[in-house]
Each structure stands twice: as C-alpha cells, then as structure tokens.
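# Working through the structure, step by step
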Amino acid sequence: MATGPLRFRTPHIEELPTAQSRQSAGFAWVAVSTAQDDPAKNWGTTNRKRARASLGGQTEQQKEALSARAQRETERRIKELNNDNSRDVVIEVAKKPGQSAGGGGGGGGGGGGAFKAGKTAGTKKILASGKTFAHFLDDEEAEIARTGRREGEVEAPGAAQRASKTPLARRKAREGSSASDSPAPSAVVAMGPPPVPRAASTYFAAEPMPVDDLDDDEEDSEDQLPCLPTSAEMEALLNAPPLTYNQARAAPPPASMPPPRRFCETCGYWGRARCMKCGAMTCSVVCKDEHDQSKCLKMYA
Amino acid sequence: MARQKSLTTPTLSPNDLAPRTLILDNGAHTLKAGFSSPLTDPAPATPSACHIIPNCIARSTRDRRTYIGPELTTCADYGDLAYRRPVEKGYIVNWEGEKAIWERSFFSKDAHIDGAGLGCDPAETNLILTEAPNAPASLQRNADEMVFEEFGFGAYYRTLGSSLNAYAPSPFPSTTTTVPAGVPLECLLVIDAGYSHTTITPLHHGRPLQTAIRRLEIGGKTLTNRLKELISRTFDVHREDHIVEEIKEDVCYVSRTFPQDLEKTWKGGRYDGRELDTGVVVDYVLPDYEHIKRGFYRPHDAHVNLRNRALGIGTETGRREHVVTLGNERFTVPELVFTPSDIGMQQAGLCHTVLQSVNALPEGLRQAYLANILVVGGTSLLPGFVERLEAELRSAVDEDTVIRVARAEDPVGNVWSGGARLAADEAAVRGVMVTRQEWAENGEGWVRRRFAGKKGR
C-alpha cells in the first residue's frame, strides 16, 4: 500500500535545481537559425546604422554581397563611359547610290555589285560580319582556354591554362620577367660614381656588349650599376610573344595608395556627406537639397 | 613566272616595291595619312604632307546626310551629329565602315579630285598600317586579308603605332646628334595617350618589348563622355559629341594642384558662400551654327542673366547665346587619366602604369627607359599634361633616377612622321615590307609572324 503522495511505486526522482527549472515560464529559449546566422539567405542590410548596431556587425559574405552590387553598378557606368558609338547608332553605309558607288570605278576591277560585297569569299565574310570587339575578345579567350596558346604561336610552356583576366602585374609567382606591383623600383640601387646620363648612352654601345664583368657582380651591387641584360636576353625579350588584350591591362593601384576620392554629385566639390537613402555623396546642404529634389534614386520609394 | 595577283597592273615585278608608300596611321578618332617615297625625296617627308581625316561615319539629322570620313569637314552644322566609328578600342573591327572611309579618302573619284591629293591606286602603292598593341589574332588576320585581297595593295607592313615613333626625330633637347632617316632611336618609352585608351610601350631600336606593354583604359573618348555627363547636369548635351569634344579641347587642362583648384571653384555651403574664382571658372558659349559657328569662352560673369541671353536680350548683335558655366569640370575631367579611381575604375593612374611597365623590364634597363619617355597622342595636348606626369613620376621614384619626359612636337602626327621617315629609307622599308607575292606564297600565319618581328621561320 502506498503511504506517500505517489500512489504507485516509482523510482525515486529528485529534481535538481538548475537554471532552467527554476520558475519555468512554460516556454524555453531555443537556438534557431536566424537571418544573421544563415549567410546564404541574407545579403546584409543597407542601413548603415543597423549594420553597425547588429550583433557582431555584418559578416564577410554580407559585405561581399553588398559590394558586388556596387561594383556591378560602377562597371556599368564605366562601360557606358567607354562606349564607342553614342547610343545605338545604325548608320547604313553602302546603300546610297551616289556616293560610294563612285568609289567602284576607282578601285580597279570588279563590277559594281561585287565590289561592294567584297572581292573574295574571305573578304565577303569579313565585310558582312557584324562582330563587335567584345566578340573577338571572347573568341580569343576561348581559343586560349581551349588550346593554351594564341593563334599562330609556338607551343607555350606548360599545359593549357585558363586564360586569366588578371593583369600581368597582379599575378603571384609567375616565373620570368613578370612585373612587380610595387610602384617604386626599389631594386634600382644607388647609382654610384659613374654619372647616370653617361651610363644611359653607353648601355648599348656595340653589339658584343661589354657586360661580362658586370654580370658577375649581381649580388653585391651597392656601388655598381644594375647589370645589363646580355644580347641573348635582349633577343629573348624582343621575341617574346605579345601579351593578350587582358593581360596587358594596367593593374589596380598598390594597396598603399589612399582610398578612392569621392566627389559631390551635384557640384563636383569633395563629397562630404552620404545620402542615407541612396548612398550618393554631396558636399553641402545646398547640394543635398538639390539631390533630394531631382536626383535621389529613392525619390518614389 | 606565274603571278598570283591577277587584277592589278603587270608592270610591277613581284619583289619590287612600288615607288610610293602610303603611310596610314589608323587611329580610332582620326586617320593620319600621307605619302612618302624614297626615290624622289632625299629629305624625309615634311609633316605638312600628313592629312588628318576623321575616322567616322556621321549622320546628321538636321541635314539628313551621312558624312563619310573626310566629308565631315564640309558639314555646316555639327549639332546633333551621330557618330559611328569602325575602330573599337583601337582596333579596326567593322571593316564595312572602314572600307567606306578608306575608299572615300583614297581610292574613289572624289578622293582623286580632292584638294588633299590623297587619291592613289593601291596596286602601285605600298602601305604602312598601324595598329594598337595586343590585338586579338583574328583581327590581325582580318586586316591582312582585307589589305591584300580586297584593296589589292602591292606591299604592306603592319606595325604597332608606337613603334613608328622611334623613327621620328627625337624630341629630347639634349640630343646633339641627329639621327638619319630610317634609323630608329635606341631606347624609347612611348606613352600614347590616344582616343580609346593610353598605351605604354618600351621600344628597343624600334622593336617593342612585348612583355612590358601596358594599357590604361582611359582615353580621349572617356574624357569626352565624362564631360558630357558633367555638363548634362545643367544643360543636356548627351547627343552632341562634336561640340563637347570642342569644349574639352578648348577649356580643359590638367591641374598641378588639384585640391587647391577644387577649392577655387566651389560655391560654398549654405552658410559660407564663396566667390567663384573667375580665373578658373569660365562661361562657354555654345555654337548654334547660324550666327555662332564655333564655340568660345570668356571668364565667368555671375551677374549675367542666362535666360535673357538665351533669348537674345542683352547680347551683342542680339544673337541668342546659350551659355554653360564650367568650373571644376575643367580639371576634374582630365584628372581621370591620372586617377581613374575617381570614377571607380580599378586601374592605377598613368604614373603608376608607367612604373608597372618599367618594372616589367629587367633591372638594368629601367633607368634607360625612365630617361627617355616620349608622350604622343591627342590627349597629351591638354595643357599641363606633361608637367603633371613628370611631377608624379619624380615623386614616385628614387631621388637619383633621371627622368626625362618630353612631348613630341606634333603629338597627333608624330607616328605618321616616323612612318614617313621609315619609308624614306629604301633599305629599311624593303626589309620590313611583305609583298603580295610573298603573302600568296607563304600564307597568313607566316606574314603575321613576320610582322611580329620574328626574323626566322
């Protein structure tokens, strides 16, 4: 027979006091994947105050996502600036009777019709093709990616590597005479006793260049001029294959440069304050008013 | 022996070069063309033989006419002129348009009777054609094919535009020995500030050092488009290419002290208004091609009523003047060449691009090239360009490196005059030309390698 409050025989259960069991309110805090923790879903807020104040700030991925959009915007603007033909201009060339048909007589050969279209099959194709420069560039990059070398060149050392759009200066660990991206030629040692203008004119004195003695002193060159390349090296340099279009692009400035300068959208002075809604910079209250009235992107939002 | 070319005159034997050479500097903005010949001219061709032809096809909605190439100078009304340029980013992409321009300039009846005297028969002319560095291979192939097959030139040499600068007279004042025609300068770093982009090419005896060629994607076109955007904040000029180019050429300059100049052109905030410095801020009067044929500028006058001016009240002769005020646009636009990050472009400025190019060379050559910097190209005509470049280079480089920067006397025509001097020397030009016979025998791959400077097979 049970004598205590429990009527059935149960094992002795004693509740130990823990934080959770004390005056429990009937609910519990549960760790759920929030927006902050799931970077794949969250691109970060554009509101700067919230980004600052939120716990832990924004993650790297969020910052990256935001800046990717800004980057796309800048690239679009730059492409527009570098636009060759103002707006989409379509100007017909050869359809006018008077002007270019007159050119048919002077060129020597061919009837009027054949002349306009091109004399041989190859030239007909070239004249009729509507490719733009971007097409040619993409074709070349595809060719390089496919075969690992440019048209008409001898085998490049190494296997077919993906054509890299990184300018030459930014690549790491390239062998050969690659560019370093430090602006100052820090390797140029102090020009010792021989004055430089004289040296500049005698660099390539004669074809068998007197460089053998200088070549040996590469290491301890505090007082010596930097060694000249031998004529074989010069030939190799001159015969080097040309870079591709993307490789020859200038690289971004070194990181030691100051950050990009911003200007006021309205008047062009230094930009001092950013519009909270659209992110454009203005210099003063006057310009900000102007911006709000006509240029702010969030005018209707 | 049987000849491959069938359409052209039989008087030329296959390995002979024609008496005249047409030197054609095919730029994105203009063509610089002229003749030179070794036989009749013991002295190299004078720069006045170089003709500048706009390299575009322009359509004017006001005249309902299309102007091809040299006809543009006959246009009476440059307003609202739509351009189409066959050269994109420095390379001839659209051969249809380029062929029309070439024909109109050189081969057609109109060209023969033109005052410029550029009419010629391609079969009896050699051609020196320039191109921009780092061209995609298929564009080079297209060019070769068009020149030989379509136009039928007798012999042809395609080269980098910058290389021809080595044959032009040296602009450095300290050079005491004059170099004879046909002999290139020994070492030269050419900065070509052109329309599509700015390229930096080190040359050794006229041959380019390919691994060190760098390109900055800001050119005259970028500056003009940027100026269009800035002016359009007050007065919409998005469709006026020609007029904005004229404004840029008239009024823009490169400032040595950018922050101070920017201060001078600021109107001030709400509570501290400032006077604009009328030395810098100008009023530009736009042309209307009825009374005002060409725009001009005058110092800024803050008290003029612009609306009255536009209606013709208060101006001299009662003409209607549309006035645009240009303050900091004058120098912030050319500043882009030196600081492309101002519009967000991820490239270093001109000075650092030069240093990147020089650092790509072996150590021993760097000083030599820094001491021989030549600036050519239309954009370098902006006042203050060379001084600013020299100052920036000077501050970026060690104390004891010598830096000499010089602008060619005629930046636009310097490549052409280099080509003219090359063509004036018979031996030199014979060494580089490829005749049509050779092209037919050896094929285009051989020809391309030959033009790239590889002497052997």
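This is a predicted model, so every value here is computed, not measured.

Now for the overall build of chain B. What chain B contains, in helices and strands, is 15 helices and 20 strands. Residues counted as buried form 64% of the 457 residues belonging to chain B. In chain B, once contacts between residues fewer than 6 apart in sequence are set aside, the share between residues at least 24 apart is 65%. On chain B, roughly 16,800 Å² of surface is accessible, and the fraction owed to carbon and sulfur atoms is 49%.

All names here are of chain A. For the coordinates displayed, the defined rule picks out 29 salt bridges over all chains. With a shortest N-O distance of 3.3 Å, Glu143 and Arg146 are connected by a salt bridge. With Glu143 and Arg146 both in helix H6 (residues 133-147) and three residues apart, this pair spans about one turn of that helix. Judged by its relative accessible area of 22%, Glu143 falls in the partly exposed class.

Our next topic: the confidence of the model for chain B. Looking at chain B, pLDDT values average 85 and 90% of them are 70 or higher. Note on residues 1-12 of chain B: pLDDT under 50 across the span, and 21 contacts to partners over four residues away in sequence or across chains.

Moving on: the interface of chain B and chain A. On the chain A side, the residues contacting the 101 residues of chain B number 95 residues. With both sides pooled, the region where chain B packs onto chain A buries about 9,300 Å², and carbon together with sulfur makes up 56% of that total. The tally of links between chain B and chain A comes to five salt bridges. Its salt-bridge partner being Arg261 of chain A, residue Asp342 of chain B comes within 3.1 Å of it at the nearest N-O pair. Across the contact surface, chain B and chain A share 19 residue pairs in polar contact (both at pLDDT 80 or more). Tallying contributions element by element places helix H3 (residues 137-151) of chain B first for the side of chain B that touches chain A, with nine residues. Broken down by class, the residue content of the side of chain B that touches chain A amounts to 35 nonpolar, 26 polar and 40 charged.

A word on the side chain of Arg319 of chain B. All names here are of chain B. As for its placement among the helices and strands, Arg319 is situated in the loop between helix H8 (306-311) and strand S17 (323-326). Separated by 3.3 Å, the side chains of Arg319 and Glu321 make a polar contact. In this structure, Arg319 is in contact with His291, Ile292, Phe296, Arg309 and Gly312, ignoring residues within four places of it in sequence.

What follows covers the nonpolar core. Leu72, Leu350, Phe385 and Leu393 of chain B are the most contacted members of the largest nonpolar core, which has 67 residues in total. Dropping the residues within four chain positions of it, Leu72 of chain B is found in contact with Pro54, Cys56, Ala58, Tyr67, Tyr78, Leu81 and Tyr83 of chain B.

Right, let's get into the domain arrangement of chain B. Residues and elements named next belong to chain B. Assigned domains of chain B: these are domain 1 (20-169 + 412-452), domain 2 (178-219 + 337-407) and domain 3 (241-323). Just the C-alpha atoms count here: the centres of domain 1 and domain 3 sit 38 Å apart. Across the boundary between the two partners, domain 1 contributes eight residues, which contact five residues of domain 3. When the two sides are added together, the surface that domain 1 and domain 3 hide from each other amounts to roughly 580 Å², 53% of it contributed by carbon and sulfur. When the area that domain 1 buries against domain 3 is broken down by residue, the three leading residues are His29, Tyr78 and Tyr83, summing to 64%. Here the residues of the side of domain 1 that touches domain 3 are counted per class, giving four nonpolar, two polar and two charged.

Looking now at the environment of Ala371 of chain B. Residue and element names in this part refer to chain B. Position of Ala371 relative to the elements: it lies in the loop between helix H11 (363-370) and strand S18 (373-376). In this structure, the C-alpha to C-alpha distance between Ala371 and Val237, residues 134 residues apart in sequence, is 42 Å. Apart from the residues within four sequence positions on either side, Ala371 is in contact with Phe172, Val402 and Arg404.

Residue and element names in this part refer to chain B. A positive phi angle, close to 55°, is found at His205, a residue other than glycine. Mapped onto the fold, His205 is located in the loop between strand S12 (198-204) and strand S13 (207-208). Given a relative accessible area of 36%, His205 falls into the partly exposed group. At Tyr289, a residue that is not glycine, the phi angle is positive and equals roughly 60°. The topology assignment puts Tyr289 in the loop between strand S15 (282-285) and strand S16 (296-299).

It is worth spelling out the UniProt feature "domain: HIT-type" (unreviewed entry) in chain A at this point. Under the present numbering, the feature "domain: HIT-type" (unreviewed entry) in UniProt falls on residues 260-288 of chain A. A helix fraction of 14% and a strand fraction of 14% characterise residues 260-288 of chain A, whose end C-alpha atoms lie 21 Å from each other.

With that settled, the discussion passes to the packing of aromatic side chains. The relative placement of two aromatic rings is captured by the distance of their centres and the angle of their planes. Under the defined criterion, the tally for this structure stands at 21 aromatic pairs over all chains. Consider the rings of Phe263 of chain A and Trp270 of chain A, whose centres lie 5.4 Å apart with planes at 20°: the pair is stacked. Linked through ring pairs, Trp95, Trp102, Phe106, Phe107, Phe151 and Phe153 of chain B together constitute an aromatic cluster. Over the ring of Phe35 of chain B we find Arg20 of chain B, and its NZ or CZ is 3.8 Å from the ring centre. The cationic tip of Arg388 of chain B hangs over the ring face of Phe338 of chain B; the distance from NZ or CZ to the ring centre is 4.8 Å.

The next subject is the sheet that holds S15 of chain B. All names here are of chain B. With antiparallel pairing, the three strands of this open sheet are ordered in space as S16-S15-S17. Pairing within the sheet leaves two strands with one partner each, and these edge strands are S16 and S17. For this sheet, the mean inter-axis angle between neighbouring strands, taken without regard to orientation, is 30°. Where S15 lies against S16, four bridges are found, and the strand directions are antiparallel. Note that in S16 the partner of Asp283 across the bridge is Arg298. Packed onto the sheet, helix H6 (residues 241-251) meets S15, S16 and S17 and runs at close to 145° relative to S15.

Time to look at the state of the cysteines. Residues and elements named next belong to chain A. As enumerated under the stated definition, the model contains zero disulfides over all chains in all. The structure places no disulfide on Cys264, whose sulfur is separated from the nearest cysteine sulfur, that of Cys267, by 3.7 Å. Overall, Cys264 belongs to the buried group, its relative accessible area being 3%. Free of any disulfide, Cys283 has its nearest cysteine sulfur in Cys267, 3.5 Å distant.

Thresholds applied
Residues numbered from 1 in each chain as written. Chains lettered and ligands numbered in written order. Predicted model: local features only at pLDDT ≥ 70, side-chain atom pairs only at ≥ 80, totals over all residues. Heavy atoms only, no water. Helix = DSSP H or I, 4+ residues; strand = E, 2+ residues; numbered from the N terminus. Buried < 20%, exposed > 50% of the residue type's maximum accessible area, 1.4 Å probe, protein only. Contact = heavy atoms within 4.5 Å. Areas by Shrake-Rupley, 256 points an atom, 1.4 Å probe, with all protein chains shown as cover. Salt bridge = Lys/Arg side-chain N within 4 Å of Asp/Glu carboxyl O. pLDDT = per-residue confidence, 0-100. Buried area = accessible area lost by both parts, 1.4 Å probe. Polar contact = N/O pair within 3.5 Å; in protein donor to acceptor, adjacent residues only side chain to side chain. Nonpolar A, V, L, I, M, F, W, Y, C, P; charged D, E, K, R; others polar. Core = buried A, V, L, I, M, F, W, Y, C linked by side-chain atoms within 4.5 Å. Domains from an automatic or database assignment. UniProt positions renumbered as here; feature names shortened; annotations may be inferred. Phe/Tyr/Trp six-rings, centres within 6.5 Å; stacked < 30°, edge-to-face > 60°. Lys NZ or Arg CZ within 6 Å of the ring centre and 35° of its normal. Pairing = 2+ DSSP bridges. Axes fitted to C-alpha atoms, helices over the stretch in contact; angles between N-to-C directions. Disulfide = S-S within 2.5 Å.

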